[in-house]
Amino acid sequence: MYKKIITLLMLVVITCCGCGKKESEPTTTDLNLITSRGEIHVGVKTDTYPFGYLDEKGHFAGYDAALARLIARGILGSDKKVKFIPVTASDRMMKLYSGDIDMIIATMSITPKRQEILDFSVPYYTAGQALLVRKGSSVKTLQDLNKKRAIIVFGSTSERSLKMAVPGVGVIGYKTYIDAFNALKKGKADAIVSDDTILLGLALKDDSVELLPKRYSKEPYAVAFRKGPESKTLINAVNNIIKIETKNGNLKKIQESYGIK
Ligand code: GLU
C-alpha cells in the first residue's frame, strides 16, 4: 500500500517538477495562490486526538488544527481564514498533490523516503513509536510480536518499520486509528504500533488497554508541502511562523493545554 502510494507520487513529482532539470522561477507560487484566495486549505486528521479531531460541536480541534490557525493568522492576518479538509495517513499525500489542500498538518513525520516526494517545514513536535496492548497482554516489547499479529494504519511510518523490525509479525492494516483501536479491543491482534501521542489519545478514558513504556523511533512532526519551486516562499513563511510561535511560547501553551508537553 505505502509503496504504491510512494511510486505514484514519485511519478507526479517527476512530471510536475521536471526532476533533474534546473529549477526555473515559478510564475505563480503557492503563497501567491493562498493570498489571492484569502484562505488556506489545510489537511488535518479527525482520528488522532489530541492532534487532529472533531470537538463536540463538530469543529476541527487539536494541536495540528491550532497550528493551522496560527499559520492562517501569520499569513492572512486572521486565524479564521483556514479551511480544514479531513485527511487520513493514507490519503494525505494524494490530497496534497491533487490540489485539494495547500499543506498537510497531520501528525506527519519527516522521513528520508518522504523527503524524496515532499518538502517539510521545521519540526513542531517530536513523538516516538510505541505499542498499545490490551491490559495483561504477554506482549511487552516489539520483538514479542514475532509470530503474533499487530495493527498498523495504512500510510503511517509503522507500516514500513514494523515489518522490517519484526519480519515474523502478521500485519493487519486499517484506514483510521478509530478502526485500528476497535480491532485491538475486539482481539483481532495483539498490539497497535504507532506514535505514543496518538496511542495515548486512543487509550484515554479506556482502562482495558495500556501504552507500553518503550519508544522505538523518533517521529519529528512537520508541515508537509508539494515539492518544487512553487512552494519555497510558502515554506519560508510557515517556518518563520513556527519559529515565532515557538519563541513567544504559544506552541508550548497549546501543547500544555492538550497535555502533550
Ligand atoms: N507520525 C507517523 C507518520 O507520519 C504516524 C502518525 C500518522 O499515522 O500520521 O506516519
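Below: a short report on this structure.

Conventions and cut-offs
- Residues numbered from 1 in each chain as written.
- Predicted model: local features only at pLDDT ≥ 70, side-chain atom pairs only at ≥ 80, totals over all residues.
- Heavy atoms only, no water.
- Helix = DSSP H or I, 4+ residues; strand = E, 2+ residues; numbered from the N terminus.
- Buried < 20%, exposed > 50% of the residue type's maximum accessible area, 1.4 Å probe, protein only.
- Contact = heavy atoms within 4.5 Å.
- Areas by Shrake-Rupley, 256 points an atom, 1.4 Å probe, with all protein chains shown as cover.
- Near = heavy atom within 4 Å.
- Polar contact = N/O pair within 3.5 Å; in protein donor to acceptor, adjacent residues only side chain to side chain.
- Nonpolar A, V, L, I, M, F, W, Y, C, P; charged D, E, K, R; others polar.
- Salt bridge = Lys/Arg side-chain N within 4 Å of Asp/Glu carboxyl O.
- Pairing = 2+ DSSP bridges.
- Right-handed = clockwise from strand over helix to strand, strands pointing away.
- Core = buried A, V, L, I, M, F, W, Y, C linked by side-chain atoms within 4.5 Å.

1. Some remarks on the overall build of the protein
Along the backbone of the protein there are 10 helices and 15 strands. Taken over the C-alpha atoms alone, the protein extends approximately 60 × 40 × 30 Å along its principal axes. Looking at the protein as a whole, 51% of its 261 residues are labelled buried. Of the contacts made within the protein by residues no fewer than 6 positions apart, 70% connect residues no fewer than 24 positions apart. Accessible surface, the protein: about 12400 Å² in total, of which carbon and sulfur atoms supply 55%.

2. Some points on the site of the ligand
Every one of the 15 residues lining the ligand counts as a neighbour, but Lys 45, Arg 92, Ser 109, Tyr 177 and Asp 195 are closest to it. Residue Lys 45 places a side-chain N or O atom 2.7 Å away from an oxygen atom belonging to the ligand. Ser 109 places a side-chain nitrogen or oxygen 2.7 Å from a nitrogen atom of the ligand. Protein chains shield 100% of the accessible area of the ligand, which is 280 Å² for the free molecule. Of the residues assigned to the shell around the ligand, the class counts are 6 nonpolar, 4 polar and 5 charged.

3. A few points about the pattern of salt bridges
In this structure the tally under the stated criterion is 11 salt bridges. When the shortest N-O distance is used, the salt bridge between Asp 206 and Lys 185 registers 2.7 Å. Taken as a pair, Asp 206 in the loop between helix H8 (196–203) and strand S13 (209–211) and Lys 185 in helix H7 (residues 177–185) lie far apart in primary sequence, 21 residues in all. Here Asp 206 falls in the buried class, since its relative accessible area comes to 17%. Residue Lys 185 is classed as partly exposed on the basis of its relative accessible area of 39%. A single salt-bridge network, built from bridges that share partners, covers Asp 119, Lys 227 and Lys 232.

4. So, the pairing of strand S10 (residues 149–153)
The buried fraction of S10 is high, at 4 of 5 residues. Relative to strand S11 (residues 170–174), S10 is paired through 5 bridges, and the arrangement is parallel. Looking at S11, one finds that Ile 152 is bridged to Gly 173. As a crossover connection, the stretch from S10 through helix H6 (residues 157–165) into S11 is right-handed.

5. Digging into unusual backbone geometry
Cis geometry marks the peptide bond from Tyr 49 to Pro 50, where omega comes out at 5°. Structurally, Pro 50 can be placed in the loop between strand S2 (47–48) and strand S3 (52–54). Within the chain, Lys 147 stands out as a residue other than glycine whose phi angle is a positive 65°. Within the secondary structure layout, Lys 147 lies in the loop between strand S9 (129–134) and S10. One non-glycine residue, Lys 205, lies in the positive phi region at around 60°. Positionally, Lys 205 belongs in the loop between H8 and S13.

6. A short note on the nonpolar core
By size, the foremost hydrophobic cluster in this structure holds 53 residues, and its most contacted members are Ile 71, Ile 75, Met 103 and Val 223. Per element, the largest residue contribution to this core is 10 residues, and it comes from helix H3 (residues 63–76). When neighbours within four sequence positions are excluded, Met 103 is seen to be in contact with Ile 40, His 41, Val 42, Gly 43, Ile 71, Leu 96, Val 223, Ala 224, Phe 225, Leu 234 and Val 238. Counting residues in each nonpolar core, the second largest holds 14 residues, with Leu 96, Ile 104, Met 108 and Ala 222 among its members.

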